[in-house]
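# Chains, contacts and geometry: an overview
So the chains spell out like this:
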Amino acid sequence: MRIAALAGQVVARAELTQTAVPYVTALRDELGESCHLCVPSYLSVLCLVHAPARQGGDCRPHLRELIPAHSTASGKALLAWRNSWSNAVLEQPLESFTGRTLTGPEALRRQLGHTRARGYAIEDREYAQDTRGIAAPVLSSTGEAIAAVAVVATTTRLPTETIATVAEAVIRAATALSSAPSRSQGGTE
């Protein structure tokens, strides 16, 4: 049943996927690192577009890979701008992937509040020990996130002092995709 549900989501989001490819690819070309577009999928996020890093060091998620929402930049960007979905996810037991993974609902809610305030999500060695990610929401006309655009790289290729600069590029890409005339406005929780 879960595979059928995922297949239905991919088909329903085909227009968004096609529209997003040039934005995700341009972001990868600008930053040189793995970039992707993810959408909510039950308690996880699903990667619909993946542009691998230009010079090795390709990071997850890969195309059609499900990743946890609570410990990834894409997932946190979606959780921060999808209240009902966020509540459903945070009511479930959450898995710890590294010593830095937050699994407590209240701590995650505080982090999501910081995410909304700054306009982007950060993953700092929470899903994989040696990776860092930055994601921004693709918003519908109602202000709800329908997807997230993200960059993920090793911590050496995405040091903390570059986060603000990289975040600006990710936000620009997500904002441009939010304004794209032919993207899907729907959302599936």
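Structure report, in brief. Remember, it's a predicted structure, so these values are computed and weren't measured experimentally. (Residues numbered from 1 in each chain as written. Predicted model: local features only at pLDDT ≥ 70, side-chain atom pairs only at ≥ 80, totals over all residues. Heavy atoms only, no water.)

## A word on the packing of aromatic side chains
Rules: For Phe, Tyr and Trp, rings pair up if their centres lie within 6.5 Å, where Trp contributes its six-membered ring, and each pair is then called stacked (planes under 30 degrees apart), edge-to-face (over 60) or tilted (otherwise). Helix and strand definitions follow DSSP, with helices as H or I runs of at least four residues and strands as E runs of at least two, each counted in order from the N terminus. Buried residues are those whose accessible area, probed at 1.4 Å on protein chains only, stays under 20% of the maximum for their type, while exposed residues exceed 50% and partly exposed ones sit between those limits. In our convention, an over-ring charge means Lys NZ or Arg CZ found within 6 Å of a ring centre and within 35 degrees of that ring's normal.
Counting across every chain of the model gives one aromatic pair. On the basis of an interplanar angle of 75 degrees and a centroid distance of 5.1 Å, the ring pair of F97 and Y127 is categorised as edge-to-face. One end of the pair, F97, is in the loop between helix 4 (83-90) and helix 5 (105-118); the other, Y127, is in the loop between strand 4 (121-124) and strand 5 (131-139), and 30 residues separate them in sequence. Its relative accessible area of 16% is what places Y127 among the buried residues. Over the face of the ring belonging to Y120 we find R118, whose NZ or CZ atom lies 5.2 Å from the ring centre.

## Some thoughts on the nonpolar core
Going by this rule: As used in this record, nonpolar core signifies buried Ala, Val, Leu, Ile, Met, Phe, Trp, Tyr and Cys residues forming a set joined through side-chain atoms within 4.5 Å. Any pair of residues with heavy atoms lying within 4.5 Å of one another is described as a contacting pair.
Judged by nonpolar contacts, the single largest core of 31 residues is most densely connected at L37, I134, V138 and V149. At the level of secondary structure, the elements contributing two or more residues to this core comprise helix 2 (14-31), strand 1 (34-41), strand 2 (44-51), strand 5, strand 6 (145-154) and helix 6 (163-179). Per-element accounting of this core gives the leading share, eight residues, to helix 6. Filtering out sequence-adjacent residues up to four positions away, V149 remains in contact with L27, H36, L37, I134, A135, A136, V138, V170, A173, A174 and L177. Of all hydrophobic cores here, the second largest spans 23 residues; its members include V45, A80, Y127 and A150.

## Structural notes on helix 6
Applied cut-off: A helix's residues, less one, multiplied by 1.5 Å, set its expected span.
Compared with the 24 Å implied by 1.5 Å per residue over 17 residues, the 24 Å span of helix 6 between its first and last C-alpha is a close match. Listing the buried residues of helix 6 in full gives I163, V166, A167, A169, V170, A173, A174, L177 and S178. Among the structural elements, helix 2, strand 1, strand 4, strand 5 and strand 6 are those in contact with the buried residues of helix 6.

## Quick word on the packing of helix 4 against helix 5
In plain terms, the rule: The axes are straight lines fitted to the C-alpha atoms, using for helices just the contacting stretch, and the angles between their N-to-C directions are given from 0 to 180°. Relative orientations are named as follows: roughly parallel for angles under 35 degrees, roughly antiparallel for angles over 145 degrees, roughly perpendicular for angles from 65 to 115 degrees, and oblique for any other angle. Each crossing is labelled by how the near helix is turned from the far one, with a counterclockwise turn of less than a right angle marking it left-handed and a clockwise turn marking it right-handed. Residues were grouped as follows: Ala, Val, Leu, Ile, Met, Phe, Trp, Tyr, Cys and Pro as nonpolar; Asp, Glu, Lys and Arg as charged; and all remaining residues, including Gly, as polar.
At their nearest, the axes of helix 4 and helix 5 sit 10 Å apart, and the two run at 150 degrees to each other. Between helix 4 and helix 5, the angle is such that the two are roughly antiparallel. The handedness of the crossing between helix 4 and helix 5 comes out as right-handed. Counted together, S86, N87 and L90 of helix 4 and P105, L108, R109 and L112 of helix 5 form the full contact between these two elements. Of the residues assigned to the contact of helix 4 with helix 5, the class counts are four nonpolar, two polar and one charged.

## As for the packing of helix 3 (residues 73-80) against helix 4
Helices that pack against each other are described as a pair by the angle of their axes relative to one another and the distance between those axes. Relative orientation of the contacting elements helix 3 and helix 4 amounts to 120 degrees, with a least axis distance of 7 Å. Judged on the interaxial angle alone, helix 4 and helix 3 are oblique. Contacts from G75, L78, L79 and A80 in helix 3 reach N83, W85, S86 and V89 in helix 4. Residues of the contact of helix 3 with helix 4, tallied by class, amount to five nonpolar, three polar and no charged.

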